[in-house]
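Take a look at the letters that make up each chain.
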Amino acid sequence: MTDKTVDADVIIIGSGVMGGLIATQLAKAGKSVIILEAGPRVKRAEIVERFRNSPVKVSLTNMKLQGAGSPYPDLPHVPSTYGSYLQQTGPVKYPTKYLRVVGGTTWHFGSALWRMIPNDFKLQSLYGRGRDWPFGYEELEPWYGRAEHELGVSGVDGQDESGQGKRPWPPRSTPFPMKGLTPSYLFTRLAELLQKGDFHPVYEPNGRATRPYGDRPVCAGNNNCNPVCPIGAKYDGTVHIDQAERLGVKLLDNSVVYKIEANEAGEISGVWYKKPDGSEHHLTARYFVLAAYGIESPKLLLMSTSEKYPNGIANSSDQVGRNLMGHTGISMNVMMKEDVWPGQGPTELLVYLNNRDGEFRKDFPSYKTKVRNTVPTSDFASALIAKGILGSKLDEELRRQSARSLNFAVDLETLPLPENRIVPSKTKTDGIGLPVPEIYYSVTDYWQAGKEAALKDFDKIASLLNAEVLKIDTSYQDRQHIMGTTIMGDDATNSVVNSDCQTHDHPNLFIAGTSVMPSTSCMNPTLTGAALSLRLADHMLKVMKV
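Residues numbered from 1 in each chain as written. Predicted model: local features only at pLDDT ≥ 70, side-chain atom pairs only at ≥ 80, totals over all residues. Heavy atoms only, no water.

**A short note on the overall build of the protein chain**
- Scanning the protein chain for helices and strands turns up 12 helices and 19 strands.
- The C-alpha radius of gyration computed for the protein chain amounts to 23 Å, which stays within 12% of the reference 24 Å derived for 546 residues, consistent with globular compactness.
- C-alpha extents for the protein chain along the principal axes are approximately 70 × 50 × 45 Å.
- In the protein chain, which comprises 546 residues, the proportion classed as buried is 62%.
- Contacts spanning at least 24 positions in sequence make up 74% of the contacts within the protein chain whose residues lie at least 6 apart.
- Total accessible area on the protein chain stands at roughly 20,400 Å², and carbon and sulfur atoms take up 50% of it. (Helix = DSSP H or I, 4+ residues; strand = E, 2+ residues; numbered from the N terminus. Rg over C-alpha atoms; globule rule 2.2 N^0.38 Å. Buried < 20%, exposed > 50% of the residue type's maximum accessible area, 1.4 Å probe, protein only. Contact = heavy atoms within 4.5 Å. Areas by Shrake-Rupley, 256 points an atom, 1.4 Å probe, with all protein chains shown as cover.)

**Things to note about the pattern of salt bridges**
- Tallied over the full model, the rule gives 27 salt bridges.
- The closest approach of N and O atoms between arginine 535 and glutamate 139, which form a salt bridge, is 2.9 Å. In this pair, arginine 535 is assigned in helix α12 (residues 526-545) and glutamate 139 in helix α5 (residues 137-151), connecting sequence segments 396 residues apart.
- Under the relative-accessibility criterion, arginine 535 is labelled buried at 11%.
- Of the charged contacts, one joins lysine 362 and glutamate 359 as a salt bridge, the two residues approaching to 2.8 Å between their closest N and O atoms.
- The exposure class of glutamate 359 is exposed, given its relative accessible area of 51%.
- Linked through salt bridges whose partners overlap, the residues forming this network are Asp120, Arg356, Asp357, Arg361 and Glu413. (Salt bridge = Lys/Arg side-chain N within 4 Å of Asp/Glu carboxyl O.)

**Concerning the pairing of strand β2 (residues 33-36)**
- Residues Val33 and Ile35 of β2 are buried on one face, and the alternating residues Ile34 and Leu36, pointing to the opposite face, are buried as well.
- Relative to β2, strand β1 (residues 8-13) runs parallel, the two sharing 4 bridges. In the sheet register, valine 10 faces β2, and the bridge partner there is valine 33.
- Viewed along the sheet, the connection from β1 through helix α1 (residues 17-28) into β2 turns out right-handed. (Pairing = 2+ DSSP bridges. Right-handed = clockwise from strand over helix to strand, strands pointing away.)

**A few points about the sheet that holds β1**
- Across the sheet, which stays open at both edges, the 5 strands sit in the order β7-β2-β1-β11-β19 with parallel pairing between neighbours. Of all the strands in the sheet, just β7 (250-252) and β19 (509-511) have a single pairing partner and so form its edges. Adjacent strand axes in the sheet meet at a mean angle of 20°, parallel and antiparallel pairs treated alike.
- Looking at chain direction, strand β11 (residues 285-290) and β19 are connected through 3 bridges and run parallel. Of the residues in β19, the one forming a bridge with leucine 290 is isoleucine 511.
- Where α12 meets the sheet, its contacts fall on β1, β11 and β19, and the angle it forms with β11 comes to roughly 165°. (Axes fitted to C-alpha atoms, helices over the stretch in contact; angles between N-to-C directions.)

**Things to note about helix α6 (residues 185-195)**
- Every buried residue of α6 is accounted for by Leu186, Phe187, Arg189, Leu190, Ala191, Leu193 and Leu194.
- Close packing links the buried residues of α6 with β6 (201-203), β13 (350-352), β14 (367-372), β15 (405-412) and α11 (445-465).

**Details of the packing of α6 against α11**
- Where α6 contacts α11, the axes come no closer than 9 Å and their chain directions differ by 105°. Here α6 is positioned roughly perpendicular relative to α11, judged by the angle of their axes. Here α6 contributes Leu190, Leu193 and Leu194 to the contact with α11, which in turn contributes Ile461, Leu464 and Leu465.
- For the contact of α6 with α11, the per-class residue count stands at 6 nonpolar, no polar and no charged. (Parallel < 35°, antiparallel > 145°, perpendicular 65-115°, else oblique. Nonpolar A, V, L, I, M, F, W, Y, C, P; charged D, E, K, R; others polar.)

**Observations concerning the environment of alanine 381**
- Among the structural elements, alanine 381 can be located in helix α9 (residues 377-386).
- Given the relative accessible area of 17%, alanine 381 is considered buried.
- The spacing of alanine 381 and glycine 83 is 298 residues in sequence and 25 Å in space, taken between C-alpha atoms.

**Concerning the sheet that holds strand β9 (residues 268-274)**
- Reading across the sheet, the 3 strands line up as β8-β9-β10 and stay open at both edges, with antiparallel pairing between neighbours. Either end of the sheet is taken by a strand with one partner, and the two such strands are β8 (256-262) and β10 (280-283). Strand after strand, the sheet turns through a mean of 25° between neighbouring axes, direction not considered.

**Remarks on unusual backbone geometry**
- A cis amide bond, omega 0°, links tryptophan 169 with the succeeding residue proline 170.
- Inspection of the secondary structure puts proline 170 in the loop between β4 (154-155) and β5 (178-179).
- With an omega of 20°, the peptide bond running from asparagine 226 to proline 227 counts as cis.
- By secondary structure assignment, the location of proline 227 is in the loop between β6 and α7 (238-246).
- The phi dihedral of tryptophan 341 falls on the positive side, at around 55°, and the residue is not glycine.
- Structurally, the position occupied by tryptophan 341 is in the loop between β12 (328-335) and β13.
- In this structure tryptophan 341 comes out as partly exposed when scored by relative accessible area, which is 46%.
- Even without glycine at this site, tyrosine 476 takes up a positive phi of about 55°.
- Here tyrosine 476 lies in strand β18 (residues 468-478).
- When its relative accessible area of 30% is taken as the criterion, tyrosine 476 is described as partly exposed.

**Observations regarding the packing of α1 against α7**
- α7 packs onto α1 with a crossing angle of 30° between their chain directions and a minimal axis gap of 8 Å. Taken together, α1 and α7 sit at an angle that is classed as roughly parallel. Classified by chirality, the crossing of α7 by α1 is left-handed. Residue-level contacts link Gly20, Leu21, Ala23 and Thr24 of α1 to His240, Ile241, Gln243 and Ala244 of α7. (Left-handed = near helix turned anticlockwise from the far one by under 90°.)

**Focus: α7**
- Inspection of α7 places Thr238, His240, Ile241 and Ala244 among the buried residues, and these make up the whole buried set. One side of α7 holds all its buried residues, which, seen down the axis, span an arc of 160°.
- Where α7 is buried, its residues touch α1, β2, α2 (44-53), α5 and β7.
- Positive backbone phi, approximately 105°, marks glycine 248, located one or two places after α7. (Arc of directions from axis to C-beta.)

Right, dumping it as structure tokens:
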């Protein structure tokens, strides 16, 4: 197709951080870009007001608890993932929470922006587990630096992020754009106590501004990073969507893409989308980028069947939707015997990474242990009132529990298993007649061995803190980190995209985001997805000059 016969040089499906980053880079180079977003635009003030007025304040506000609903929209054409939209069929639930709005899921993410470390890229060759990446850390390192600059990451330079308390790691060619947040009393006190047991404190790189950065003010420590930063100090995908639109990118919201079509030559030729009223529309482009995150992206590819592609687009390998990964975890609640006052500052910052890497990965997965800096006061109050504790005694006990109750959460690495997958449901549709996602998820003995190692750490942590263990929850907690459903590899028979995130089957279709990752590490994947997206945009611009 020539430029005169298409609606844009590039169509991007999805307006989250990945889509926004790519759109901005392409628009800077003078390319015409259309972004199609399934959900609506939302206003920060309205989301904050809904959260403020909610009778239940939890980190990721649950619509069933609230009654009134999540602070984010729950609409027929983009049903909330807090409800019954995701259909679970596997032995382990995968109740992930993502947002279908302009700006995407970073609206409510915790803002952790970690690099992977070199050995995370070589899991199979080093430890005989999972898959290797088609390239190593050194290839992605400069793109990590660019992503940190684009997203405005604050962090501690020279820190050993391997958790061993030794040399600076991983290797870096550029410093963090902003210095790290100042640790609260809670974090400094815990670091002091746990250091005695060789738990080396690591402070999380994150997307919260510690100085004015672009249009973002300095983090004020409001402590509700999720579901929403009330002042916009935390990065979210609207930062790059706003930039892209200023550069001339056209964004169509409330536009649910339901079919990607390919011509006889194997090139993607157009997309079909529905509006909330059910009307159908068609657009064409020279190149296409699928950036709809790890559930909706494979669902769309699998829905896009035709006589030539009966198994869907980009699926000659039968790997689309497979290899679903995440960070399935456990947690521990303890009661300290001294006041440490959680709830000051960001919802997360201090982590422990003693088991981030090593020969043990042959036997059990890497994992991260984080301190949740939140105070579920309403939960405390409900439990106390149910026990008949009222009046001044209630106030006294609320103060004690709020000052001393802590939660430690472990995020365990998972492996790319072909049986763990997402497919379009054959039995249930949403409000505009499209199949909802059906998810099968499980864990193996490898994960179970990691859980046992983490439980030993819990015992040691509680002992070092001289704290009473109130509860240990091993019920396969989901950490909202979707990875692996359009996996990357050099072999077109067992992967969906190549090392440039270009689909093996269709030269003008690229897939952006964490769904292409062949391994998860134990760290939050957003920065890796952002680095891959910047690298993808650079490759596209080279291809488009040909």
